[in-house]
Amino acid sequence: MKIIISPSKTKDIKGIPNAPKFAPHMTERIVEHMQGISKDVLGKVLKIKEAVLDEVYTFYQNYDTEVEGMAALSYDGLSFKNFNYEGLSTEGKLFANSHVWIGSALYGLVAPDSGIKRYRLDLIDPVLKAEKTSLYAWWQPLIDEAVLREEWILNLASKEYSKWINHPKMVTIEFLEHRNGVWKQLSTSSKQMRGTLVHYMCEHQITELSELPKELKGFVLDPLPKQLDGSFTLAYRK
């Protein structure tokens, strides 16, 4: 079983990675492609400009000398603050390292203790438009090969990163809140709760759906389907 989560745009590079990268040859290929893009084109495809564009352009041009940190400590978004890898027990960290994958347009499937740099790149960014292909297409064969080795996948990723996970037994978790008579998935609370659930699963070393917490910070889990075959969506509601 693997738990899939999304990366965050914000990063605070720290920690020392101690796990190999998923597919370094593919990362190198993407970096070389990014280095060949002019600053003007880079700004257009990433929709950035001025100081941010200068920073991102310089990053790729000097990629080899950029500082690298541990992924779980260096991603700095809401979900990672609530994942709180640093606050896990030794056993929890070991479980996370072997059961959690962080999706990344530059690194593929990233283990929490693997390395990342302060990159800016998303799967949907059309950096390969001139070549009439996409980052999804470049990564897909490697992602398919990796996920199909797993018995089942717990999907806590955004739609962008869920899209490239093709597995016959993928369970997607949603966090829904009742607002004005309608169940809605709200961005901020969903990110917080995804991280909270990952932390709980790692600390309690959960590998079966039946072991998921029935209640988590006010969110109550829907009853499990009678048949757990195939892929389906499971909701926590508040």
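See the structure shown above.
Everything numeric in this text was worked out from a predicted model, so none of it was measured.

So, on to helix 7 (residues 135-147). The terminal C-alpha atoms of helix 7, which comprises 13 residues, lie 17 Å apart, in line with the 18 Å expected from a rise of 1.5 Å per residue. Most pronounced at Pro141, the bend in helix 7 amounts to some 40 degrees. On its buried side, helix 7 packs onto helix 1 (24-35), strand 3 (100-104), strand 4 (108-110), strand 6 (153-155) and helix 8 (159-162).

A word on the environment of Lys81. Looking at the element boundaries, Lys81 is found in helix 5 (residues 78-83). By relative accessible area, Lys81 is classed as exposed at 52%. For the pair Lys81 and Gly195, spaced 114 residues apart in the sequence, the C-alpha separation amounts to 7.2 Å.

What follows concerns the nonpolar core. Counting 78 residues, the largest nonpolar core has Phe83, Leu121, Ile173 and Leu212 as its most contacted members. Sorting elements by how many residues they give to this core places helix 7 first, with seven residues. Setting aside its immediate chain neighbours within four residues, Ile173 contacts Leu154, Asn155, Leu156, Leu197, Leu212, Leu234 and Tyr236.

Attention now goes to the side chain of Ser114. Note that Ser114 resides in the loop between strand 4 and strand 5 (115-116). The class of Ser114 is buried, set by a relative accessible area of 3%.

Here the focus is the packing of aromatic side chains. One pass over the full model with this rule turns up twelve aromatic pairs. Between Tyr75 and Phe80, the aromatic rings sit 5.0 Å apart at their centres with planes inclined by 25 degrees, giving stacked as the arrangement. Overall, Tyr75 belongs to the buried group, its relative accessible area being 2%. For Phe80, a relative accessible area of 4% puts it in the buried group. Ring geometry for Tyr75 against Tyr119: centres 6.5 Å apart, planes inclined by 85 degrees, an arrangement best described as edge-to-face. Here Tyr75 is found in the loop between helix 4 (71-74) and helix 5, whereas its partner Tyr119 is found in the loop between strand 5 and helix 7, with 44 residues between them in sequence. As far as the burial class goes, Tyr75 and Tyr119 line up, both buried.

Glancing now at the pairing of strand 7 (residues 170-179). Among the ten residues that make up strand 7, seven are buried, leaving the element largely enclosed by the rest of the structure. Here strand 6 pairs with strand 7 via three bridges, running parallel. From the neighbouring strand, Ile153 faces strand 7, where its bridge partner is Met170. Examined bridge by bridge, strand 7 and strand 11 (residues 232-237) share six bridges and lie parallel to one another. Bridge pairing in strand 11 links Glu174 to Ala235. Examined bridge by bridge, strand 7 and strand 8 (residues 182-184) share three bridges and lie antiparallel to one another.

Parameters at a glance
Residues numbered from 1 in each chain as written. Predicted model: local features only at pLDDT ≥ 70, side-chain atom pairs only at ≥ 80, totals over all residues. Heavy atoms only, no water. Helix = DSSP H or I, 4+ residues; strand = E, 2+ residues; numbered from the N terminus. Expected span 1.5 Å × (residues − 1). Bend = angle between axes of the 7 residues up to and from the residue. Contact = heavy atoms within 4.5 Å. Buried < 20%, exposed > 50% of the residue type's maximum accessible area, 1.4 Å probe, protein only. Core = buried A, V, L, I, M, F, W, Y, C linked by side-chain atoms within 4.5 Å. Phe/Tyr/Trp six-rings, centres within 6.5 Å; stacked < 30°, edge-to-face > 60°. Pairing = 2+ DSSP bridges.

As far as function goes, none of this settles anything; it's purely spatial.
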